[in-house]
Amino acid sequence: MKALHQFIDNNVHPLFKEGKKLEKYWPVYDGFYTFLFTPGHTTDGKAHIRDGVDLKRTMNTVITALIPALLFGMWNVGYHHFNAIGVDATFFEQFLFGAIKVIPMVVVSYAVGLGIEFLFCVVKSHQIEEGYLVSGMLIPLIMPVDLPLWMLALSVAFAVIIGKEVFGGTGMNIFNPALLARAFAFFAYPTYMSGDKVWINTTGTEGMIAVDGFSGATALGEYATTGISQYSALDAFIGIIPGSVGETSVIAIMLGAGLLLFTGIASWRIMLSAVVGGVVMGLIFNAVAPFALSAEQQAFMAVPFWQQLVMGGFAFGVVYMATDPVSGSQTNTGKYVYGFLIGFLSIMIRVFNPAYPEGVMLAILFMNTMAPLVDHYVIQANIKKREQRLALKTVSV
Amino acid sequence: MADVLEKEEKAKELLIDKQPKEPLLSKKNRKLLNDPLNDNNPITVQVLGICSALAITVKLYPALVMSISVLFVMAAGNVIVSLMRNFIPNRIRIIVQLVVVASLVALVDQVLKAFVYDVSKELSVFVGLIITNCIIMGRLEAFALGNTVWKSFLDGIGNAFGYAWILLAVAFFRELLGSGTLFGFQVIPNAWYLANGGFYSNNGFMLLPPMALITVGIIIWVQRARNTKLIEE
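Structural notes on the overall build of chain A
Line of reasoning, step 1. Counting its secondary structure elements, chain A contains 17 helices and zero strands.
Line of reasoning, step 2. The globule rule puts the C-alpha radius of gyration for 397 residues at 21 Å, and the 24 Å found for chain A is close to it.
Line of reasoning, step 3. Considering chain A as a whole, with its 397 residues, one finds that 43% of them fall into the buried category.
Line of reasoning, step 4. Partitioning the intrachain contacts of chain A with sequence separation of at least 6 by distance along the chain shows that 72% fall at a separation of at least 24.

Structure (structure tokens):
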């Protein structure tokens, strides 16, 4: 390792220096270099204390936290595939099939996203930021397995260019880029992003078609259209239900959440208040279910509030998307409000509008827009409070 | 009193007449035509008339009809208001302008209903809303009220073209990517579609208003990247 480091420092480094031939590609080189080695940068300003946990380390932690969901998703894809075509398969076969389907999605997501980021960094001669590392892993996990890869690539391009680079790159985006990619795909290609055909791959094995009476709808989709589901709450908790690649298993997501909370990367305030918000809305629905307009809606409203939390992308969204430090609220009080409304709106959207069973996506994007407003009021309230305190003090003196 | 006013008016007219005659398409007048196409575009630089740019750009044909309608209303409105500019009492000028524009729009509406009924139905309320199109009121207020007929005419035409080309550009991308057609003709080969065993699918997002806004945004982005003097501090 030391030899490699020295070789790069002595032979590669000078090529990218100012005035040299490859100067233009300094951002790309710098990006890779700091990925491999801790840079010897020192601070320019007056502060000299540097935290060991920089942006790259933060991103790596989140990716590590995503691994359980990714691995489970791979197995789940294979499991449902062989189930649907009525073939018995071993655990290994199921996992292998899923991996063959999911890994190209991850590769396309990273290739397109990082490619665009590198391009922008070179053109604008910025330092390469690591923001896409997490988005690139999140995007395949929140897409259905049968989404054509070029649609995935287009969604990624949209999210990176319109969602991030336009606003000035990593740390400047208003919306969570991964969710923006999903929202783009959802509105652009609705037939590939919703319904009962896309969640389970039934064509992967040559000459095989789905068995009779097979339904590929997700648990939420079934509730929204018929009011009942063939999947129990336990199925949804373990994750053996159809859905986007990585969103199904609450257990896998909870493992990731544990790591994120333990390392302090994700905000526990947002997670907690989002769950509370979901519970509150679920309880409200349970209470008003008898007054629903249709029988299907009544059945959906009557779904126990705790079951709402394990279905669909609620858990995934709350743990990995809502806690995005860039697009969420910054103040502690604001985080409670922000999280609560995400949970509250997610359940509300999915029950009231069967066309959008994935309410959590829209709820988080909506609250991304509102986060600065929430922060503004929190800060103003604090200013007012302190002004009053000051006024009281001056009076007493 | 009235006498004095009349004399002043005459003196003014004499003054105007004494100015050297400039050619119809002098450099200044050409600027009136060219500026709104790029540097001072009513949509991308002044950000006016966005509402209709979002609403009627799903397909090229309605966008073209809309552009022609606005072109007519804008040119005629500018000319008429410019002709009347010395008689309009300042306090009620907005009402007078509204009456002029509203009569012209009513005329356009009737013509559209008579000759292109289906498009007229598609444009629905947006023909009527030309009356409140900020670009038209803006040009009447800012230009026609203070300039001669010919100049006002050029200004109206220029701004209408500036509006039209953005509208058509947005509609071009939205129709091509959203429906796979241009002016209603299938451009993307049918065999490409997934339903026919191909790989392609129309982008449904292009048909929704948010994508029109984003398309306008991208045009603004490209324009400012090419023309750096438009970038604000």
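Some details on the overall build of chain B
Line of reasoning, step 1. Along chain B, the regular secondary structure elements total ten helices and two strands.
Line of reasoning, step 2. From first element to last, N terminus to C terminus, chain B shows the α and β order α-α-α-α-α-α-α-α-α-β-β-α.
Line of reasoning, step 3. Its C-alpha atoms give chain B principal-axis dimensions of roughly 85 × 45 × 30 Å.
Line of reasoning, step 4. Here chain B, with 233 residues, has 32% of them falling under the buried criterion.
Line of reasoning, step 5. Within chain B, counting contacts between residues at least 6 apart in sequence, those at least 24 apart form 76% of the total.

Side note on the interface of chain A and chain B
Line of reasoning, step 1. Counting residues at the interface gives seven residues for chain A, matched by seven residues for chain B.
Line of reasoning, step 2. The dominant element in the side of chain A that touches chain B, judged by the number of residues it contributes, is helix α7 (residues 177-188) of chain A, at three residues.
Line of reasoning, step 3. Tallied by class, the residues present in the side of chain A that touches chain B amount to seven nonpolar, no polar and no charged.

Topic: the domain arrangement of chain A
All names here are of chain A.
Line of reasoning, step 1. Assigned domains of chain A: these are domain 1 (2-36) and domain 2 (58-381).
Line of reasoning, step 2. Here the C-alpha centroids of domain 1 and domain 2 sit 38 Å apart.
Line of reasoning, step 3. Partitioned by chemical class, the residues of the side of domain 1 that touches domain 2 number three nonpolar, one polar and two charged.

Thoughts on the packing of helix α2 (residues 27-34) of chain B against helix α9 (residues 149-179) of chain B
Residues and elements named next belong to chain B.
Line of reasoning, step 1. Closest axis-to-axis distance for the α2/α9 pair is 7 Å, and the angle between their directions is 30°. Classified by the angle their axes make, α2 and α9 are roughly parallel. Contacts between α2 and α9 involve Asn29, Leu32, Leu33 and Asn34 from the first element and Lys151, Leu154, Asp155, Ile157 and Gly158 from the second.
Line of reasoning, step 2. Of the residues assigned to the contact of α2 with α9, the class counts are four nonpolar, three polar and two charged.

Comments concerning helix α11 (residues 250-263) of chain A
Residue and element names in this part refer to chain A.
Line of reasoning, step 1. The terminal C-alpha atoms of α11, which comprises 14 residues, lie 20 Å apart, in line with the 20 Å expected from a rise of 1.5 Å per residue.
Line of reasoning, step 2. Of all the residues in α11, the buried ones are Val250, Ala252, Ile253, Gly256, Ala257 and Leu260. Take α11 and look down its axis: the buried residues cluster within an arc of 155°, on one side only.
Line of reasoning, step 3. Lining the buried residues of α11 we find α3 (55-84), α10 (233-238), α12 (268-288), α14 (305-310) and α15 (314-321).
Line of reasoning, step 4. Glycine 264 sits one or two positions beyond α11 and adopts a positive phi of about 75°.

Conventions and cut-offs
- Residues numbered from 1 in each chain as written.
- Chains lettered and ligands numbered in written order.
- Predicted model: local features only at pLDDT ≥ 70, side-chain atom pairs only at ≥ 80, totals over all residues.
- Helix = DSSP H or I, 4+ residues; strand = E, 2+ residues; numbered from the N terminus.
- Rg over C-alpha atoms; globule rule 2.2 N^0.38 Å.
- Buried ≥ 20, exposed ≤ 12 C-beta atoms within 10 Å, placed from the backbone.
- Contact = placed C-beta atoms within 7 Å.
- Nonpolar A, V, L, I, M, F, W, Y, C, P; charged D, E, K, R; others polar.
- Domains from an automatic or database assignment.
- Axes fitted to C-alpha atoms, helices over the stretch in contact; angles between N-to-C directions.
- Parallel < 35°, antiparallel > 145°, perpendicular 65-115°, else oblique.
- Expected span 1.5 Å × (residues − 1).
- Arc of directions from axis to C-beta.

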